[in-house]
Amino acid sequence: MKILLLNLNKILSELDRRNFYFLLALSLIFAMIEVAGVASIMPLVNLAMDLDLLDSNLNYSYWFELSGIESKVDFLIVFGILVLVYFLFRALFTILYTKILSGYIFGTYYQITVRLFEKYLDLSYSDFARLNSSNMTKMLITEAYNLAGVLQLLLVITSEIIILCLIYAILL
C-alpha cells in the first residue's frame, strides 16, 4: 500500500494531489452525513412505537418542550418530516459528491492519457518504429484507465471505512 501511495505521488501532478486530498476531506463529510442519516432513523422508529417516550425520556421530552408543539402525534409528524428533509439533503449531497468524484476521476484519466501520449511522441523515430503502435495505444488507454480506477476505489474504500468506524463508534 505504501508503494502504491508513493507511485501515485510521482504520477499525479500537484493540482491532482490537492484535488485528491480535497476529495478525501469531502469523503469524510460524506461519511458523517451518511452516519447521521442512519442514526436519525432509530429515534423516529422508537418514538413511533412508543409516544410515551416524550414524557419518560429526557432527550425526547427536551425536544418536545422546545418545539412548543402541543400534540404528541403532531410532534411525531414534524419529526418524521424533518428526517425526510434530512434524507433529501443527504441525497442531494450524494449526487454532488458523485458528480465531483466522477469529474475528478475522468479529469485525471484524461490528464494521465495526455501525459503518456506526450511521452510516446517524445520517442525517437527508431524507437517508435520498433514498437507496435496498437500495443502502445492499448497500453496507454489501459494504464490510464486502471490508474483512474485505483484512485476511485481508494476514495470509495476510504469513505466506507470512515462510515464503518463512525457507525461502530455510535454503537459503543
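Residues numbered from 1 in each chain as written. Predicted model: local features only at pLDDT ≥ 70, side-chain atom pairs only at ≥ 80, totals over all residues. Heavy atoms only, no water.

*Asks:* Quick question: what am I supposed to make of the environment of Asn-57 here?
*Replies:* Looking at the element boundaries, Asn-57 is found in the loop between helix H3 (53–56) and helix H4 (58–67). For Asn-57 and Ala-36, which are 21 residues apart along the polypeptide, the C-alpha to C-alpha distance reads 21 Å. At 3.3 Å, the side chain of Asn-57 and the backbone nitrogen of Tyr-60 are in polar contact. (Helix = DSSP H or I, 4+ residues; strand = E, 2+ residues; numbered from the N terminus. Polar contact = N/O pair within 3.5 Å; in protein donor to acceptor, adjacent residues only side chain to side chain.)

*Asks:* Mind showing me how you'd approach the packing of helix H5 (residues 72–121) against helix H7 (residues 133–171) here?
*Replies:* The geometry of H5 relative to H7 is characterised by a closest axis approach of 9 Å and an angle of 150° between their N-to-C directions. Here H5 lies roughly antiparallel to H7, going by the angle between them. In this structure, H5 crosses over H7, and the sense of that crossing is right-handed. Split into classes, the residues belonging to the contact of H5 with H7 amount to 20 nonpolar, four polar and one charged. (Axes fitted to C-alpha atoms, helices over the stretch in contact; angles between N-to-C directions. Parallel < 35°, antiparallel > 145°, perpendicular 65-115°, else oblique. Left-handed = near helix turned anticlockwise from the far one by under 90°. Nonpolar A, V, L, I, M, F, W, Y, C, P; charged D, E, K, R; others polar.)

*Asks:* Just checking my understanding: could you explain the confidence of the model for the protein for this structure?
*Replies:* In low-pLDDT regions, the fine details of the predicted coordinates are not to be read closely. Taken residue by residue, the protein gives an average pLDDT of 85. The fraction at 70 or more is 96%. Confidence, read as mean pLDDT per element, is least for helix H1 (residues 2–11) in the protein (69) and greatest for H5 (89). (pLDDT = per-residue confidence, 0-100.)

*Asks:* Help me out: how do you make sense of the pattern of salt bridges in this one?
*Replies:* Think of it this way: side chains of opposite charge can pair up when their charged atoms draw near. What the rule picks out here adds up to six salt bridges. In this structure, Arg-17 engages Glu-14 in a salt bridge whose closest nitrogen and oxygen atoms are separated by 2.9 Å. One end of the pair, Arg-17, and the other, Glu-14, are both in helix H2 (residues 14–49), three residues apart, so they sit about a helical turn from each other. Of the charged contacts, one joins Glu-34 and Arg-90 as a salt bridge, the two residues approaching to 2.7 Å between their closest N and O atoms. Here Glu-34 is found in helix H2, whereas its partner Arg-90 is found in helix H5, with 56 residues between them in sequence. Classification of Glu-34 by relative accessible area gives buried; the value is 17%. Among the residues examined, Arg-90 registers a relative accessible area of 21% and is labelled partly exposed. A cluster of three or more residues bridged by salt bridges with shared partners is formed by Glu-14, Arg-17 and Arg-18. (Salt bridge = Lys/Arg side-chain N within 4 Å of Asp/Glu carboxyl O. Buried < 20%, exposed > 50% of the residue type's maximum accessible area, 1.4 Å probe, protein only.)

*Asks:* I would appreciate a short explanation of the packing of aromatic side chains in the present structure.
*Replies:* What describes a pair of aromatic rings is the distance from one ring centre to the other and the angle between the planes of the rings. Applying the stated criterion across every chain, the model contains nine aromatic pairs. Where Tyr-86 meets Phe-89, the ring centres are 6.1 Å apart and the plane angle is 50°; that geometry is what we call tilted. With Tyr-86 and Phe-89 both in helix H5 and three residues apart, this pair spans about one turn of that helix. You can call Phe-89 partly exposed: its relative accessible area is 42%. With centroids separated by 6.4 Å and ring planes inclined at 35°, the aromatic side chains of Phe-89 and Phe-93 adopt a geometry described as tilted. Note that Phe-89 and Phe-93 are positioned in helix H5 at a spacing of four residues, about one turn of the helix. What makes Phe-93 buried here is its relative accessible area of 14%. A connected cluster of aromatic rings, assembled from ring pairs, spans Tyr-86, Phe-87, Phe-89 and Phe-93. (Phe/Tyr/Trp six-rings, centres within 6.5 Å; stacked < 30°, edge-to-face > 60°.)

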